[in-house]
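Overview (structure and organization)
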Amino acid sequence: MRFEVKPYGADAVLLSFGDEISLAIHNQVKQLYSELRNYAKKGIRAVIPGYCTVTILFEPKMVSLNEVVELSKNIVDNNKVQDEKKYKVRIPVCYDKQFALDWEVICDYTGLKWEEVVELHCCNEYLVYMLGFVPGFLYLGGLNEQIRIPRKSSPRLKIPKGAVGLADNQTGVYPLETPGGWQLIGNAPVDLIGVNSAVVEMGDYLEFFPITKKQHASYSKQIERILVNEN
Amino acid sequence: MKIEVLHPGLSTTIQDSGRINGLAYGVPKGGAMDMSLMHFANQLVGNPITNPVLEFTMQGGRYRFDHNSIIAITGRGNAKLNSEKIELNSRIFVNKGDVLNVNSGINGRYNYLSVQGRIEAEEFWGSFSTYEPAVKGGFKGRKLKKGDVLSINERIGNKSGFFSETLNSKKSVIRIVKAPEFHDFPEKDISFIVKKRFTVSLYSNRMGYHLDECTLEGTKTGNIISSGCIPGTIQVPSSGEPIVLMADSPTTGGYPRIGVIHPEDLGDFAQKLPGEMVKFMWFEV
């Protein structure tokens, strides 16, 4: 599959692999993004992966738009055997009603008991499609259809760091205190962003596991990123 | 040496040239809103041009130096040392106990203070810029407050060879270049955005500037699948009211992008005060 070239100002370009959220497109984005990051010395200043797009910031004094596009075409065409490394991260979530501020709304909407909602949320594997919005925010795919619920009609002004929420086909963790309109189901007592490095990469798989209120209060472990297979 | 904050002004933060290593992880670029004035400030005192500086927003505040030093204030505002008016955009010698007072006046939003040496600050993703939403970088990740004390490391780092910054005259028309969804906008919008003058809204800060009297028809859907964005981008939500993304804007967005301000004009656009008029022109690169 080839990409469409969309110029983006004087020192950036966007390459688009399509207009839908799919694993096939995600893999294309991931491959191009991972490779392009090795070209910093040749004028590729930064690369931002999206669901179906790669935004490339370049230094026009070092490399032209055409050269960036050519380089990207070569990477896509010489699609080496896809990187089969699969990483997994496990995020602890306390689903206690103290944090699950919207549990009643969710139970009413889905017709499920709270324990069932929790079960469906944590017995599942999610794919990290991309990061964005605020530092360390993960765009996850794979939410069970039975617990999909629209976002709140008016957003809360303050959502605490670590809050876990649902919104339509998405679930996610607020890495820092922000305003937000998601239906809250719990809290994850972990840091999703370091001061100089990332904890989770796009393309990683993710699982939530339940912890008690007591464990939540004293939780001090870092998120582990585990290689689960290597070909 | 130390600088004591006697009055912090409206919104004074430590900024440098920003960070690009975290863009794929949701960490915004950040950095000075008017990059060339930040470089110029450092150049005047003989610092490496990307050293951290203080960025003053409109009302700059009052500061006391506990040591003799060399400083510079760049911008189009005004400043007093003790009760004497001093010149901006030049090298200034301050004595122990001197009190500096800075104000942006009516010709710009941001002014910068450099001090010979290095303002000590917290690092976040390779930059000393303050990023308030995450309470990271700069001075404790926040705006300065009354009573804060900044430390200056008086050693000068290695200068990078060639300096060419000066105070340029402000551009009267801001150049905009096509952005990814340009072709999804109706012809009407593309001509409207360069035809009229718009007003920079009161709702404008380091994250983004809203524009008044500028309502576009927008694209058919009014949204896109979240995709990587850069500062200067003019995004148009379904309301049709454009928002220009600025230094601390999110790294990804879900609104169609009609254009992006040329990087060389972004500082001049950032300098527009709330209520000030702006005129755009399309520019081909």
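The numbering scheme is per chain: residues are counted from 1 as the chain's sequence reads. Chains and ligands are labelled by the order in which they are written, letters from A for the one and numbers from 1 for the other. With the structure being a predicted model, the display of local features is reserved for residues of pLDDT at least 70 and the display and counting of side-chain atom pairs for 80 or more, all residues being used for whole-chain, interface and lining totals. Just so you know, side-chain values use all the structure's heavy atoms and leave hydrogens and water out.

Let's shift gears to the overall build of chain A. In DSSP terms, a helix is any run of H or I states spanning at least four residues, a strand is any run of E spanning at least two, and both are numbered starting from the N terminus. From N to C terminus, chain A includes five helices and 14 strands. As defined in this context, the radius of gyration uses C-alpha atoms, and a globule is described by 2.2 Å times the residue total to the power 0.38. Against the compact-globule benchmark of 17 Å for 231 residues, chain A has a radius of gyration of 19 Å, which places it among compact chains. Classification of the 231 residues of chain A by burial places 53% in the buried group. We call two residues in contact when some of their heavy atoms are within 4.5 Å. A sequence separation of at least 24 residues applies to 63% of the contacts in chain A between residues at least 6 apart. Residue burial considers only the protein chains on display, and all accessible areas are found by Shrake-Rupley using a 1.4 Å probe. For chain A, the accessible area works out to roughly 11100 Å², and carbon and sulfur atoms hold 48% of it. Positive and negative side-chain charges of chain A, numbering 26 and 28 respectively, have mean locations separated by a distance of 5 Å. Remark: exposure states derive from per-residue accessible area (1.4 Å probe, protein chains only) relative to the maximum for the residue type, with buried under 20%, exposed over 50%, and partly exposed in between. Neither His nor the chain ends is counted toward charge; the positive residues are Lys and Arg and the negative residues Asp and Glu. Every charge is mapped onto a representative atom, which is NZ of Lys, CZ of Arg, CG of Asp or CD of Glu.

A common measure of how large an interface is: the accessible area buried when the components associate. At the junction of the two partners, chain A supplies 42 residues and chain B supplies 33 residues. A combined buried area of about 2800 Å² lies between chain A and chain B, and 65% of that area is made up of carbon and sulfur atoms. The salt bridge criterion pairs a side-chain nitrogen of Lys or Arg with a carboxyl oxygen of Asp or Glu, the two atoms within 4 Å. Summed over the shared surface of chain A and chain B, the number is zero salt bridges. N or O atoms within 3.5 Å of each other form a polar contact, as long as, within protein, one can give a hydrogen and the other can take it, and as long as residues adjacent in sequence are counted only when both atoms are side-chain atoms. For the pair chain A and chain B, the number of links is 11 residue pairs in polar contact (both at pLDDT 80 or more). If you list the elements that add at least two residues to the side of chain A that touches chain B, you get strand E1 (4-7), strand E2 (12-16), strand E3 (44-49), strand E4 (53-58) and strand E6 (126-131) of chain A. The element that contributes the greatest number of residues to the side of chain A that touches chain B is E3(A), accounting for five residues. Its residues assigned to classes, the side of chain A that touches chain B comprises 25 nonpolar, nine polar and eight charged. Summed over both partners, the accessible area (1.4 Å probe) lost when two parts come together is defined as the buried area. When residues are sorted by character, Ala, Val, Leu, Ile, Met, Phe, Trp, Tyr, Cys and Pro go into the nonpolar class, Asp, Glu, Lys and Arg into the charged class, and all the rest, Gly among them, into the polar class.

Residue and element names in this part refer to chain A. These domain limits were set by an automatic method or by a database of domain assignments. When its domains are assigned, chain A resolves into domain 1 (4-77) and domain 2 (86-229). Just the C-alpha atoms count here: the centres of domain 1 and domain 2 sit 29 Å apart. Listed by partner, the interface residues are 11 residues for domain 1 and 10 residues for domain 2. Inspection of the domain 1/domain 2 interface yields one salt bridge. Taking the shortest distance from any N to any O, the salt bridge between Glu201 and Arg37 comes out at 4.0 Å. Taken together, the links from domain 1 to domain 2 amount to zero residue pairs in polar contact (both at pLDDT 80 or more). Residue contributions to the side of domain 1 that touches domain 2 peak at five residues, all from helix H1 (residues 23-36). Taken together, the residues that form the side of domain 1 that touches domain 2 break down as six nonpolar, three polar and two charged.

It is worth spelling out the nonpolar core at this point. Counting residues in hydrophobic clusters, the biggest one holds 76 residues, and the most contacted among them are Ile56(A), Ile91(A), Trp114(A), Leu206(A) and Phe208(A). If one sorts the elements of this core by residue count, E6(A) sits on top with six residues. Core analysis: the next-biggest nonpolar cluster, separate from the first, contains 38 residues, Val200(B), Ile234(B), Ile258(B) and Phe269(B) among them. Put simply, buried Ala, Val, Leu, Ile, Met, Phe, Trp, Tyr and Cys residues joined by side-chain atoms within 4.5 Å make one nonpolar core.

Residue and element names in this part refer to chain A. By the definition in use, this model includes 24 salt bridges over all chains. Here Glu207 and Lys88 are joined by a salt bridge, their closest N and O atoms 2.7 Å apart. Of this pair, Glu207 sits in strand E13 (residues 205-210) while Lys88 sits in strand E5 (residues 86-93); the two residues are 119 residues apart in sequence, bridging distant segments of the chain.

Residue and element names in this part refer to chain A. Note on aromatic pairs: the rings of Phe, Tyr and Trp (six-membered ring only in Trp) are paired at centre separations within 6.5 Å, and the planes decide the class, stacked below 30 degrees, edge-to-face beyond 60, tilted for the rest. One pass over the structure, following the stated rule, counts 14 aromatic pairs over all chains. Here the aromatic rings of Tyr51 and Tyr129 are separated by 5.4 Å at their centres, their planes lie at 45°, and the arrangement is tilted. Of this pair, Tyr51 sits in the loop between E3 and E4 while Tyr129 sits in strand E6; the two residues are 78 residues apart in sequence, bridging distant segments of the chain. Tyr129 matches Tyr51 in its accessibility class, with the two residues each being buried.

Residues and elements named next belong to chain B. Taken domain by domain, chain B holds domain 1 (2-153) and domain 2 (174-282). Centre-to-centre separation of domain 1 and domain 2, based on C-alpha positions: 28 Å. Each partner contributes residues to the interface: domain 1 has 24 residues there, and domain 2 has 20 residues. For the pairing of domain 1 and domain 2, the buried interface totals around 1500 Å² over both sides, and the portion due to carbon and sulfur atoms is 53%. Linking domain 1 with domain 2 are one salt bridge. One salt bridge connects Arg206 with Glu55, and the closest N-O pair in it is separated by 2.8 Å. If you look at where domain 1 meets domain 2, you find 10 residue pairs in polar contact (both at pLDDT 80 or more). A breakdown of the residues in the side of domain 1 that touches domain 2 according to their chemical character gives 11 nonpolar, eight polar and five charged.

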